[in-house]
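Report on the structure
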Amino acid sequence: MDEELSTVFKALGHPTRRQILDILKQSPKTTGELDEYFPDVTRYAIMKHLRILEEGNLVVVRREGKYKRNFLNAVPLQEMHNRWVGKYMQKTASSLLNLRSTVKQKGGNGKMSEFRIEQELFIDAPREEVFKALTEKVEDWWEFRIAPKGVTSHFTFDPVPGGHFIEKWGEKEGAIWGNVYYVNAPAEIRLFGHLGMQGAVNSAYTYRLLEKDEGTVLQLSHTASGVIQEQWEQEHKKGWEYLLGTLLKNYVEKK
């Protein structure tokens, strides 16, 4: 843990790298797009800064065609917060991006609103394998947890109408990540689930799987409405990108 934090501190130690993270917080960028923000910095230097940020796990890189797109990964920053600040703040579960461990936060700025997230990625594997990985094999790649820090938990996902996507860490302890209400295997599955959001919130997400070029196009739709805190949309957007575009894709394609 301390070695990982040392890498994070090193990555944050340069003002250009901190500015890159500020830019990526707004939206993902290719290396070329980032280069345009720094007219006085060489492209080689920008690439070197990105490598250091990637080594610190603060940036996740995903190839899209001939380009590499850089995404902010806020998980290491949240872990730093939890270690030195979180114990003084009220405990609650945070977004997908911060569900690696129990997150603590204070107050809230929620208001009645809604958001919709639409994402799509290509996975070089048959549709049946991707569907199975999303459901029955989710334990193998879904790394975010609600269980208290230091407690081992396990996932089960029953892909039938009325089935549950559940995390358990004891005989009676656990949390439901999703309730299945529609299945058309292996093409589509729909669930209700708060996914870390607390309070008066309605949330639902859908996986659609399309066959293409001997692989699978995975489409995600996530909608939420109610008392929504303003940062939740961006946090869930980036959380889904990390879960599906990195963890799931790597898991299926490396099998």
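Residues numbered from 1 in each chain as written. Predicted model: local features only at pLDDT ≥ 70, side-chain atom pairs only at ≥ 80, totals over all residues. Heavy atoms only, no water.

With that settled, the discussion passes to the pairing of strand β7 (residues 154-157). Every second residue of β7 is oriented toward a common face, the buried set being Phe155 and Phe157 and the non-buried set His154 and Thr156. When β7 meets strand β8 (residues 164-168), the two strands line up antiparallel, connected through four bridges. Across the sheet, the residue bridging to threonine 156 is isoleucine 166, located in β8. (Buried < 20%, exposed > 50% of the residue type's maximum accessible area, 1.4 Å probe, protein only. Helix = DSSP H or I, 4+ residues; strand = E, 2+ residues; numbered from the N terminus. Pairing = 2+ DSSP bridges.)

Backbone-to-backbone hydrogen bonds join strands into a sheet, with any given pair of strands oriented parallel or antiparallel. A sheet is described by the order of its strands in space; here three strands give the open sequence β1-β3-β2, paired in antiparallel fashion. Two strands close off the open sheet at either side, each with one partner strand: β1 (29-30) and β2 (59-64). Where β1 meets strand β3 (residues 67-72), two bridges bridge the pair, whose relative direction is antiparallel. Opposite lysine 29, over in β3, you have asparagine 70 as the bridge partner. Most of the contacts of helix α2 (residues 15-26) go to β3, to which it runs at about 95 degrees, and overall it touches β1, β2 and β3. (Contact = heavy atoms within 4.5 Å. Axes fitted to C-alpha atoms, helices over the stretch in contact; angles between N-to-C directions.)

Attention shifts here to the confidence of the model for the chain. When pLDDT is averaged along the chain, the result is 84; 86% of the residues meet or exceed 70. Predicted confidence in the chain is weakest over strand β5 (residues 103-104), with a mean pLDDT of 34, and strongest over helix α6 (residues 127-134), with 97. Within the model, pLDDT remains below 50 along residues 85-108, and this stretch shows 74 contacts once partners closer than five positions in the same chain are excluded. (pLDDT = per-residue confidence, 0-100.)

The subject of this paragraph is the environment of phenylalanine 157. Its location among the elements puts phenylalanine 157 in strand β7. Residue classification places phenylalanine 157 among the buried residues on the basis of a relative accessible area of 7%. When the C-alpha atoms of phenylalanine 157 and valine 138 are compared, they prove to be 7.1 Å apart, with 19 residues separating the residues in sequence.

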